[in-house]
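# Structure assessment
This is what each chain is made of:
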Amino acid sequence: MDSKKYYSWVLYDWANSAYATIVLAGFFPIIFAEYFASSTTASERTLYLGASNSAASLILIFIAPLFGLLADKFSNKKLFLLIFASLSIISTLILSLISRDSYVLASIFFSISLLGFMMSNVFYDSMLLNFDSKKYDKISSMGYALGYLGGGLAFVFTLVFLYFNSESTIEIISSSKISFIFAASWWLIFMIPLFLYWPEQKIDSKSTSLLDTFKEIKSIKPIFLFLLAYWIYIDGVDTIIRMAINYGLTLGFSSSDLLIALLVTQFVAFPGTLMINKISELAKTNKKISDFHLRGGSDISYRVLGDIVIEPNSQISDKDLQELLKNNCSDSEIKKFEIKNELDTAVMLGELRFRANFYKTLKGLAAVLRRVETKIPLMEDLNLPQVLFSLLDAHK
């Protein structure tokens, strides 16, 4: 694998996650409520913020297929990524210049910056196809992990700066609008390697028009249903991410408590992403693995033909296991676990399904995962004796 190509791609997630964390999820909803729309009611503020998010998403639906087709036609995804990333960065910088109670102007430029961010991600995600298909999971997981870490570090830097300058009389600092400059600068600086080292590859695209593309999608029903379901799913996820802080403020939580909760999420997600990728990778590459043994503060261990093998440098934390439990279990299951200190359930790691037993120990939370095959093997795959085939065909 070309190391420059690999690191420039994963580093872009590190770069633009500063925008996702600082602007989208963190500071913009707070600054919008306390500065840009301080003269409006909570319900009006939520309406404007929701409309800004929805407008960007709706425009994306119509223009993404067109620009995606152009990028394939000219085999230049990087160019379109840089165009839309620059649009978002410039719009984010402009947000730092908008005055108090200019909520309409702030909504417009936030919507433009969000559109640029989402469109740049369309081309960024498609670049994954330029790598070896067998390494998609590993590369994608590393991108996600570095994104959480990079976004988290940029967020910490912003919080520390504002904490030590909390008494400043400079408006851009006292209003926290300087956070927009930090996010845009972080994004701009760390996307430079992608600009310098990403090699474009010629793509043989069968579709010559949008009509051809939609006809092709419609003719393959599983792809059509997947795209439809994923669109509905990810739109819901994005809505939660972008509106959570605003809902928290409306419910009476302080902005500092909400920012701390976001910060914790960032740093828990980083090792958690690597853990999930490690387990998924081991299960895919070694079919002889029967069980995974997970314990907070210890390396991942697994059973191969009855023997326990410890995977070096794969330590997971108690918080990683808590997140695994929380993300795969219902509220009633978690309540049951808290009462009985153990729980039998099922979890999904990527595309792999596992039977799971969570239990508490003196040293903290632990779990055992056993892979469940989702595809029933054929008799030929099991290398069974030929006589069994004959018995199946025999009459009573």
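Residues numbered from 1 in each chain as written. Predicted model: local features only at pLDDT ≥ 70, side-chain atom pairs only at ≥ 80, totals over all residues. Heavy atoms only, no water.

### With respect to the side chain of Ser175
Within the element layout of this structure, Ser175 appears in the loop between helix H6 (171-174) and helix H7 (178-190). A polar contact is formed between the side chain of Ser175 and the backbone oxygen of Glu171, at a distance of 2.6 Å. The contacts of Ser175, once residues within four sequence positions are left out, are Ile31 and Tyr35. (Helix = DSSP H or I, 4+ residues; strand = E, 2+ residues; numbered from the N terminus. Polar contact = N/O pair within 3.5 Å; in protein donor to acceptor, adjacent residues only side chain to side chain. Contact = heavy atoms within 4.5 Å.)

### Structural notes on the environment of Pro29
Following the sequence through the fold, Pro29 ends up in helix H1 (residues 3-36). Residue classification places Pro29 among the buried positions, given a relative accessible area of 1%. Through-space distance from the C-alpha of Pro29 to that of Tyr247 is 9.4 Å; in sequence the pair is 218 residues apart. Ignoring anything within four residues of it in the chain, the contact list for Pro29 reads Val23, Leu24, Leu49, Arg242, Ile245, Asn246 and Leu249. (Buried < 20%, exposed > 50% of the residue type's maximum accessible area, 1.4 Å probe, protein only.)

### Thoughts on the packing of H1 against helix H5 (residues 136-164)
At a minimum axis distance of 7 Å, the contact between H1 and H5 shows a crossing angle of 45°. Here H5 runs oblique to H1, going by the angle between their axes. Judged by the twist between their axes, the crossing of H1 over H5 is right-handed. (Axes fitted to C-alpha atoms, helices over the stretch in contact; angles between N-to-C directions. Parallel < 35°, antiparallel > 145°, perpendicular 65-115°, else oblique. Left-handed = near helix turned anticlockwise from the far one by under 90°.)

### What about the pattern of salt bridges?
One pass over the structure, following the stated rule, counts 3 salt bridges. One salt bridge in this structure joins Asp238 and Arg242, with 3.5 Å as the shortest N-O distance. Taken together, the positions of Asp238 and Arg242, both in helix H10 (residues 221-251) and 4 residues apart, correspond to about one turn of that helix. Classification of Arg242 as buried rests on a relative accessible area of 7%. Note that Glu338 is salt-bridged to Lys360, the shortest N-O span being 3.2 Å. With Glu338 in helix H13 (residues 331-340) and Lys360 in strand E5 (residues 352-361), the pair connects residues that are 22 residues apart, well separated along the chain. By relative accessible area, which is 46% here, Glu338 ends up partly exposed. (Salt bridge = Lys/Arg side-chain N within 4 Å of Asp/Glu carboxyl O.)

### Quick notes on the confidence of the model for the chain
Counting all residues, the mean pLDDT for the chain is 83, and 85% of those residues have values of 70 or more. Mean pLDDT across the elements of the chain bottoms out in helix H14 (residues 386-393) (68) and peaks in H7 (95). (pLDDT = per-residue confidence, 0-100.)

### Notes on the packing of helix H3 (residues 77-95) against H7
For the pair H3 and H7, the least separation of the axes is 8 Å and the interaxial angle reads 160°. Regarding the angle of H3 to H7, the classification is roughly antiparallel. Considering how the two elements wind past one another, H3 and H7 form a crossing that is left-handed. Contacts between H3 and H7 pair Ala85, Ser88, Ile89, Thr92, Leu93 and Leu95 from the former with Phe180, Ile181, Ala184, Trp187 and Leu188 from the latter.

### Some details on the packing of aromatic side chains
Scanning all chains against the criterion turns up 29 aromatic pairs. Relative to Phe36, the ring of Tyr35 has its centre 5.4 Å away and its plane inclined at 75°; by these criteria the two rings are edge-to-face. The ring of Phe131 carries the charged tip of Lys5 above its face, separated from the ring centre by 4.8 Å. The ring of Trp198 is capped by Lys5, whose NZ or CZ atom sits 5.5 Å from the centre of that ring. (Phe/Tyr/Trp six-rings, centres within 6.5 Å; stacked < 30°, edge-to-face > 60°. Lys NZ or Arg CZ within 6 Å of the ring centre and 35° of its normal.)

### Some words on the environment of Ile300
In this structure, Ile300 sits in the loop between strand E1 (289-295) and strand E2 (301-304). When its relative accessible area of 1% is taken as the criterion, Ile300 is described as buried. Separated by 12 residues in the primary sequence, Ile300 and Pro312 place their C-alpha atoms 7.8 Å from one another.

### Structural notes on H3
Quick reminder: α-helices carry 3.6 residues per turn. Residues three or four places apart thus point the same way. For H3, built from 19 residues, the straight-helix expectation of 27 Å at 1.5 Å per residue is met to within 8% by its first-to-last C-alpha distance of 27 Å. If you follow the buried residues of H3, they end up packed against H1, helix H2 (42-74), helix H4 (103-126), H7 and helix H8 (192-197). (Expected span 1.5 Å × (residues − 1).)

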